[in-house]
Amino acid sequence: MPTRNLRIAPTTAPVRPAVDPVLAALASLRAEMEIPAEFPQDVLDDAAAAAATDVSSGRADLRAVGFVTIDPPGSMDLDQAVHLERAPGGFLVRYAIADLGVFVTPGGALDAEVNERGMTLYGPDERTPLHPEVLSESAASLLPDADRPAAVWHVGLDARGEIVSARVERALVRSTARLTYEEVQARLDAGDAGEMLDLLREIGLLREARERERGGVSLNVPEQDVVVNPDGTFGLAFRSTLPVEGWNAQISLLTGIAAAQLMRAGGVGIFRTLPAADPRDLARLRRTARALGIDWPKDVPYGDLLPTLDSGTSRHAAFLNEATSLFRGASYAPFGGVGQPQEVPDDVAHAAIAAEYAHVTAPLRRLVDRYGTEICLALSAGTQVPTWVREALPGLPRTMARTGQRAGSYERSSVDVVEAALLAGRVGEEFDAVVVDVENDDERRRRATKDAERAARAAKASVDSRSDASAAGDPAAGAAAPAQTGHDLVRGQVVIAEPAVRASVQGVGLPLGDPVRVRLREASIELRRVGFDLV
């Protein structure tokens, strides 16, 4: 089934002691997944020494450029700062990326620790950062009104928003403002955002149009946000992404595309890849569209259909959620590393972006971006890619797969805990809901097979137990266990508006995209599980 779209907001309020059962469950989850509670002392010492080092020499001075950051409220680990301006024949995008390469010594204690962690993990009550906070929220973060080292991309666009030039250099920058998506969108809507933010909308729209022309797609799936309320309790909310979030994402995407072009030309790099959608998934999605009453002409690609849908409409939201199943199997493809050929492998495009693409814009939170940035800095300067980077390339896909799976599992399980807490004590109550996902035939057959295997094992254990009891003279030993069958039940996912919960549901004939009544069957904080039955 498709995975839900999650965002765990930065914690800006103290967590109240009254939510101790939730905190205990989250602590248990971290212990179960072996998520480190703190950094080893030698790593902290490494980071502190790096933060105290003067890294300003030998850099272009771009402090006069009016960079700004745009992030969720409360964010302190600021990877990117942007500046946009018109240029002859088009636009100039300057994109400053936190320069972790000057803070992390290859082979040192800090380097070993971040290679073990792989990425930042976000939980409702706390964050497990990739780098110690002295770097991730201070010396390396592009905070406003502070001189910071950065890798600055200069990307030239023509009047249609196509990339015509790209280079990256080490520079010293000074962000002028830390903005949030909400305030930027409000200023744009009010018409007083200023030229630079107006250009963000103009360039963002152009890049979205070019993405559609390439056959790429951006899904506007509603996010389920976990927040800490002002009184210290946890809450959940569904939110549709703002247009400015998509425009800002296009700046990051065009930088990743430019990085991939640079890597291909230089014969060394690491691409983020995603295979094309499986024809069987596309056929299933078309059946889903028919079931939901969504008009999808045969000659219209899914990439052209998706932007026409409104995630605020329940049937459209259900369809968009199903569409996420088209984008499975993301990985990394390194080339030109030690022991690897310099030839770029075939079929390394990212299907959702419809272009070759590299991760280079979030090094504070994602390990691979530091390596990608070092490659691009060397290629742009015409120098050799550092040996320590080329040695690491072959192993990076395994590291990122391992840590990415852990991050996804941790964030999903954290949301499960909060959902269970919000519904604790309400078992048996009925709720209005919308069915947003239903298992397909293959998933149902696999589940039925597993259920049958479990039932067979349970029956054998029961027979063995009765035989032992009969031999001991138990008069109830011959009693047969009641038959249990769930073959007629279909499983899926429902969304509850209040509280903002998405959870499993079972029933006969789940109507995808339709409003339904469901009864809460289970809400266990300890088991991190919520389940509903169709009424």
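Preceding this section is the structure that the text describes.
Residues numbered from 1 in each chain as written. Predicted model: local features only at pLDDT ≥ 70, side-chain atom pairs only at ≥ 80, totals over all residues. Heavy atoms only, no water.

Brief notes about the overall build of the protein chain
Working step 1: A tally of helices and strands in the protein chain yields 14 helices and 19 strands.
Working step 2: In terms of overall size, the protein chain behaves like a compact globule, its C-alpha atoms giving a radius of gyration of 26 Å where 535 residues would be expected to give roughly 24 Å.
Working step 3: Oriented by its inertia axes, the alpha-carbon framework of the protein chain measures out at about 90 × 60 × 55 Å.
Working step 4: Taking all 535 residues of the protein chain together, the buried fraction comes to 50%. (Helix = DSSP H or I, 4+ residues; strand = E, 2+ residues; numbered from the N terminus. Rg over C-alpha atoms; globule rule 2.2 N^0.38 Å. Buried < 20%, exposed > 50% of the residue type's maximum accessible area, 1.4 Å probe, protein only.)

Considerations on the packing of helix α1 (residues 20–32) against helix α13 (residues 396–423)
Working step 1: Between α1 and α13, the least distance of the axes is 10 Å, while the angle of their chain directions is 160 degrees. Considering their axes alone, α1 and α13 lie roughly antiparallel with respect to each other. Considering the relative orientation of α1 and α13, their crossing is right-handed. Here V22, A25, L26, L29 and R30 of α1 come into contact with α13, specifically with Y410, S413, S414, V417 and A421.
Working step 2: The residue inventory of the contact of α1 with α13, partitioned by class, reads seven nonpolar, two polar and one charged. (Axes fitted to C-alpha atoms, helices over the stretch in contact; angles between N-to-C directions. Parallel < 35°, antiparallel > 145°, perpendicular 65-115°, else oblique. Left-handed = near helix turned anticlockwise from the far one by under 90°. Contact = heavy atoms within 4.5 Å. Nonpolar A, V, L, I, M, F, W, Y, C, P; charged D, E, K, R; others polar.)

Quick look at the pattern of salt bridges
Working step 1: With the rule as written, the count across this model stands at 33 salt bridges.
Working step 2: Note that E126 and R30 form a salt bridge whose closest N and O atoms lie 3.5 Å from each other. Of this pair, E126 sits in the loop between β6 (121–122) and β7 (127–128) while R30 is found in helix α1, placing the two residues 96 residues apart along the sequence.
Working step 3: Residue R370 pairs with D111 through a salt bridge whose shortest N-O separation is 2.8 Å. Linking R370 in helix α11 (residues 368–381) with D111 in helix α3 (residues 109–117), this pair joins segments that are 259 residues apart in sequence. (Salt bridge = Lys/Arg side-chain N within 4 Å of Asp/Glu carboxyl O.)

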